[in-house]
Amino acid sequence: MTTQSPQTKYLKDYLTPAYLVDQVELDFYLSPTATQVASTLALRLNPDRNGVIEPLVLDGEHLQLVAVEVDGVSLEPADYQCDDVSLTIPAPPAQLTVHIITRIDPLNNTALEGLYQSNGIFCTQCEPEGFRKITYYPDRPDVLAPFRVRIEGEPADCPVLLSNGNLVDQGVLDDGRHFACWEDPFPKPSYLFALVAGNLVCLEDHFITLSERRVLLQIFVEERNRNDCDFAMESLKKAMKWEEQVYGLEYDLDRYMIVAVDDFNMGAMENKGLNVFNSKYVLARPETATDNDYLGIEAVIAHEYFHNWTGNRVTCRDWFQLSLKEGLTVLRDQQFSADMQSAAVKRIDDVALLRQYQFPEDAGPMAHPVRPESYVEINNFYTTTIYNKGAEVIRMLETLLGRERFVEGVRLYLKRHDGQAATCEDFVAALEQAGEVDLTRFRRWYTQAGTPEVQVVCHYDCATQTFTLDCQQSCPATPGQPDKEPFHLPLVMGLLGHDGTDLALQLASDEAPGGTSRVLELTQSRQQFSFVGVQEQPVLSLLRGFSAPVRLTMEDRPEDLAFRMAYDSDPFNRWEAGQQLSVAELLQLYRQQLEGQLSTGLSQVFVDAWGVVLTDNEADESLLARMLQLPSEQYLADQLDEVDPQRIRAVREQALRHLLSVHREKLLQCYDRYSSAGEYSLNPVAVGRRRLVHGCLSLLMLEPDELLQDRCLRHYQQAGNMTDRLAAFAALVDCRQSPLRDQVKEDFYRQWKHYPLLLDKWFSTLASGRHENTFFEIERLLLHPDFTLSNPNRARSLLGAFAQNLAVFHRQDGNGYRLLTEQIRRLDKRNPQVAARMATPLTRWKRLEPQRRALLREELVALQQENLSRDLYEIVNKSLV
Ligand code: TRP
Ligand code: ZN
């Protein structure tokens with residue numbers, strides 16, 4: 001906690017480290033409230049200082065300093081300075097060995113940063129700046145060193161003692177304690193250090209690499225979770241194989257370890273050779289995990305594994321370069337998941353996520369470039385912009401270069417910077433060279449924030465058989481960036497003939513027609529592209545696969561959208577056409593309501609097109625399920641300047657009821673056709689069918705007669721897997737008048753109260769209820785004995801779901817704002833990182849309608865007056881500017 005306003009850090013102030021570390025030796029004497037850490041550092045003045053001595057400044061926070069020695073001589077307090085954040089030795093020799101003993105308190109570490117305990121298991125989280133809570137150290141990613149770690153603990157509490165790299169020694173001591181020594185041969189920054197110790201069981205497998213080395217694979221979990229690790233292990237092996245096949249990269253240590261813990265601030269952490277995971281991304285069996293949980297595990301296991309090259313072997317020079325590892329690794333996990341599942345649906349889900357979270361961030365007070373220029377608290381910059389927009393930027397490079405050259409470029413980057421700390425510029429330079437392209441303008445994606453807007457007007461000239469696209473781009477102002485330069489945008493496109501097939505494309509500058517899909521490169525603020533030899537008025541399919549993260553506006557006629565919804569050969573654009581059509585419909589209903597006009601209801605074109613999708617027997621079921629979903633409330637809100645969230649909900653529900661009333665029979669048929677039970681499988685067809693069935697069920701349950709309620713109850717009771725059970729549970733939870741509601745609520749609780757991940761689902765499903773009474777339910781749930789702010793998953797399950805439930809959170813009386821603010825206030829005292837993250841919904845006040853805007857702003861202003869963590873301070877202050 002801090003009383004003065006925290007300092008801003010700037011990229012332009014970057015300086016190389018004054019001292020380099022040649023070797024780290026760490027000795028841990030584990031104890032829950034008084035762990036002793038002895039560190040021996042071999043340090044040397046950075047040669048770039050040309051021998052001019054500088055003070056040695058080591059980072060350290062919340063540490064109890066026990067002793068300091070330099071070259072074997074113990075220092076008196078007068079020989080060094082120690083404050084809240086650092087230990088300074090004013091004039092050390094150019095080469096020195098420092099020995100430091102500190103004491104820390106893992107049990108009472110509620111921030112879950114540094115060394116802490118989760119259910120009695122010692123574990124660490126050092127990224128980005130947690131290592132300084134373990135010992136004094138140059139805690140910055142451009143200081144790389146080999147680590148040797150010795151851990152000593154009680155065999156009863158900590159039979160398992162783990163750290164990075166290879167196990168080189170272990171044994172039992174005379175006093176009954178035991179120890180293990182680990183050595184990591186790969187120099188690494190402190191943020192990749194990890195230690196785990198506790199009562200864990202280990203599941204083992206192995207992987208033979210391309211060059212036929214045998215790698216031991218181990219997953220460590222608490223005994224009760226022993227049977228829930230198979231899927232994670234399979235995912236790991238698939239990821240290892242995939243990376244070898246696609247990128248030609250193999251694993252480099254003899255052992256790869258994953259540990260699952262219940263208390264974790266984020267999803268997982270890529271510590272070298274010893275990943276620590278939120279148990280949510282490891283544990284799964286059909287009775288407890290949903291399809292989406294499984295897919296999440298597959299993706300996160302792969303993500304952390306891929307970091308071994310993109311992040312660990314080549315790391316970041318400074319935290320402004322965070323997207324260098326995160327954007328690239330997200331892209332790679334997206335590519336992997338696309339290959340494992342339905343690629344089209346994976347792309348749709350990734351884009352929906354980007355629009356739901358990143359677009360609003362880019363349009364709000366926390367907007368920042370993929371490579372930020374400044375920050376107050378780096379923990380706040382693990383954002384959807386760094387991760388998801390970062391991945392989109394690299395995906396555009398892939399589109400511009402083609403897969404083959406792109407992979408070559410990534411390999412060149414890794415080879416050139418292996419063992420180093422690199423920058424985003426290093427990455428772009430490698431791709432520019434391998435791709436033989438000019439990326440001068442493209443680099444603006446790293447420096448300019450905001451979502452570009454692209455406007456396209458088409459013209460078909462029958463006489464000359466020419467089809468012309470007139471493209472313009474602009475980008476709205478973002479904090480600190482009033483004016484923007486044009487971006488380099490790859491626009492993938494095709495032209496559809498009247499029978500729905502793709503036409504061969506010939507630009508005026510081409511010698512002959514070639515291909516049915518093209519990448520147009522928009523690099524100016526305005527540019528025209530003309531196609532010749534176009535014999536009929538075509539329908540344009542632009543931005544296929546969402547080839548650039550922009551907001552595209554075209555004056556599409558509803559008939560053309562419906563046509564593309566049925567025929568576009570690009571599945572993403574089939575879905576996108578449907579989304580555009582629904583957004584237009586829903587916004588029209590919204591405006592009619594706002595202006596007190598009589599509602600026209602949905603247009604026939606739309607209702608029919610939706611029905612065609614519902615009865616399509618050919619397309620991928622997952623794709624159909626996605627196409628039947630109306631745009632989310634959040635996405636609709638993002639299209640409006642003055643948002644009334646309750647009106648959005650009302651309008652969306654009106655549209656759903658309209659579709660239900662027209663297509664009820666077809667929905668029932670579709671539900672019947674696919675809702676056959678059977679062995680649980682995660683193959684894309686099975687997943688797609690469940691998605692379709694659950695889409696139908698939730699729509700049908702908007703107006704359930706008793707017969708239907710009964711079927712839903714049976715669906716719940718007879719479900720052979722959690723995907724089915726949870727879908728039926730969620731549908732029943734919304735049946736306010738039905739006695740079944742309380743019955744299943746009780747039943748679910750009783751059945752799963754001892755399984756934390758499912759108790760989380762119980763809380764979040766109840767908090768996602770659509771009824772107005774949901775608010776009072778949430779108030780009661782806050783007092784439930786199983787609710788706690790100490791566990792991030794649990795806190796998020798209730799408060800996160802609540803804040804996403806827009807119509808409930810944005811109650812007109814402002815009580816929703818008060819409730820969330822109060823909980824964040826409490827959480828901030830325990831865990832600032834999670835509190836700041838959970839405060840995001842509070843920052844979106846500017847685009848609300850005036851009454852709610854004022855109420856929400858009031859809460860923020862009150863919060864601003866208080867003694868906040870640096871994390872929350874930055875979020876609250878920036879949102880009030
Ligand atoms: N590097 C991790 C990942 O994306 C992210 C992460 C895990 C993290 N734990 C964290 C970031 C704690 C900040 C704080 O794979
Ligand atoms: Zn990552």
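Residues numbered from 1 in each chain as written. Chains lettered and ligands numbered in written order. Predicted model: local features only at pLDDT ≥ 70, side-chain atom pairs only at ≥ 80, totals over all residues. Heavy atoms only, no water.

Draft legend 1. Fine view of the sheet that holds strand β26 (residues 466–474). Read from one edge of the open sheet, 4 strands run β29-β26-β25-β31, paired in mixed fashion. Two strands close off the open sheet at either side, each with one partner strand: β29 (526–531) and β31 (551–554). The mean angle between the axes of side-by-side strands here comes to 20°, regardless of whether they run parallel or antiparallel. (Pairing = 2+ DSSP bridges. Helix = DSSP H or I, 4+ residues; strand = E, 2+ residues; numbered from the N terminus. Axes fitted to C-alpha atoms, helices over the stretch in contact; angles between N-to-C directions.)

Draft legend 2. Layout of the pairing of strand β10 (residues 114–118). Here β10 lies mainly inside the structure; 5 of its 5 residues are buried. The sheet contact formed by β10 and strand β11 (residues 121–125) spans 5 bridges and is antiparallel. What sits directly across from Q117, in β11, is F122. (Buried < 20%, exposed > 50% of the residue type's maximum accessible area, 1.4 Å probe, protein only.)

Draft legend 3. Here's a closer look at the UniProt feature "domain: Peptidase M1 membrane alanine aminopeptidase" (unreviewed entry) in the protein chain. As annotated by UniProt and renumbered to match this structure, "domain: Peptidase M1 membrane alanine aminopeptidase" (unreviewed entry) occupies residues 231–444. Helix makes up 55% of residues 231–444 and strand makes up 9%, while its end C-alpha atoms are separated by 41 Å. (UniProt positions renumbered as here; feature names shortened; annotations may be inferred.)

Draft legend 4. Just the side chain of E432, in detail. Following the sequence through the fold, E432 ends up in helix α7 (residues 424–435). For E432, the side chain forms a polar contact with the side chain of R443, separated by 2.9 Å. Excluding residues within four positions of it along the chain, E432 makes contact with V437, D438, L439, T440 and R443. (Polar contact = N/O pair within 3.5 Å; in protein donor to acceptor, adjacent residues only side chain to side chain. Contact = heavy atoms within 4.5 Å.)

Draft legend 5. Inspection of the site of ligand 1 at higher detail. Around ligand 1 sit 17 residues in total, of which E127, A268, E270, E304 and Y387 are the nearest. Taking E127, its side chain carries an N or O atom lying 2.5 Å from a nitrogen atom of ligand 1. Within the contact set of ligand 1, a nitrogen atom lies 2.7 Å away from a side-chain nitrogen or oxygen of E270. Elements supplying a minimum of two residues to the shell around ligand 1: β20 (268–269), α2 (291–306) and α3 (322–340). (Near = heavy atom within 4 Å.)

Draft legend 6. Focus on the coordination of the zinc ion (ligand 2). Binding of the zinc ion (ligand 2) to the protein goes through H303 (NE2), H307 (NE2) and E326 (OE), at separations of 1.9 to 2.1 Å. Sequence positions of the residues that donate to the zinc ion (ligand 2) give the spacing H-x3-H-x18-E. What makes H303 buried here is its relative accessible area of 7%. By relative accessible area, H307 is classed as buried at 0%. (Donors = N, O, S within 2.8 Å, 3.2 Å for Na, K, Ca; no water.)

Draft legend 7. Quick look at the packing of aromatic side chains. In total, this model carries 36 aromatic pairs according to the counting rule given. Ring plane angle 25° and centroid distance 6.0 Å describe the contact between F147 and F193, whose orientation is recorded as stacked. Here F193 lies in the loop between β15 (178–188) and β16 (195–198) and F147 lies in strand β12 (residues 145–153), a separation of 46 residues in the sequence. Residue classification places F147 among the buried positions, given a relative accessible area of 1%. Given the relative accessible area of 0%, F193 is considered buried. A centroid spacing of 6.1 Å and a plane angle of 35° characterise the contact between Y716 and F729, whose relative ring orientation is tilted. Of this pair, Y716 sits in helix α16 (residues 706–718) while F729 sits in helix α17 (residues 722–733); the two residues are 13 residues apart in sequence, bridging distant segments of the chain. (Phe/Tyr/Trp six-rings, centres within 6.5 Å; stacked < 30°, edge-to-face > 60°.)

Draft legend 8. Examining α7 more closely. Between its first and last C-alpha atoms α7 spans 16 Å; for 12 residues at 1.5 Å apiece the expected length is 16 Å, and the two agree. Buried within α7 we find C424, F427, V428, A430, L431, E432, A434 and G435. Each element contacted by the buried residues of α7 is listed here: α3, α5 (384–401), α6 (403–417) and α8 (444–447). Immediately beyond the C-terminal end of α7, within one or two residues, lies E436, with a positive phi of roughly 50°. (Expected span 1.5 Å × (residues − 1).)

Draft legend 9. Examining the environment of D470 more closely. Secondary-structure assignment places D470 in strand β26. Among all residues touching D470, those that are not within four sequence positions of it are Q455, V456, V457, R526, Q527 and Q528. A polar atom in the side chain of D470 sits 2.5 Å from the side chain of R526.

Draft legend 10. Geometry of the environment of Q593. Along the chain, the position of Q593 falls in helix α10 (residues 571–594). For Q593 and L668, which are 75 residues apart along the polypeptide, the C-alpha to C-alpha distance reads 30 Å. Each residue touching Q593, except ones within four places of it in the same chain, is listed here: R647, A650, V651 and Q654.

Draft legend 11. How the structure looks around the nonpolar core. In this structure, F28, L30, F193, F406, F427 and F531 are the most contacted members of the largest nonpolar core, which totals 286 residues. Considering each element in turn, this core owes the most residues, 11 residues, to helix α14 (residues 645–674). When neighbours within four sequence positions are excluded, F193 is seen to be in contact with L26, F28, T124, C126, F131, I134, F147, V149, S163, N164, K188 and N271. (Core = buried A, V, L, I, M, F, W, Y, C linked by side-chain atoms within 4.5 Å.)

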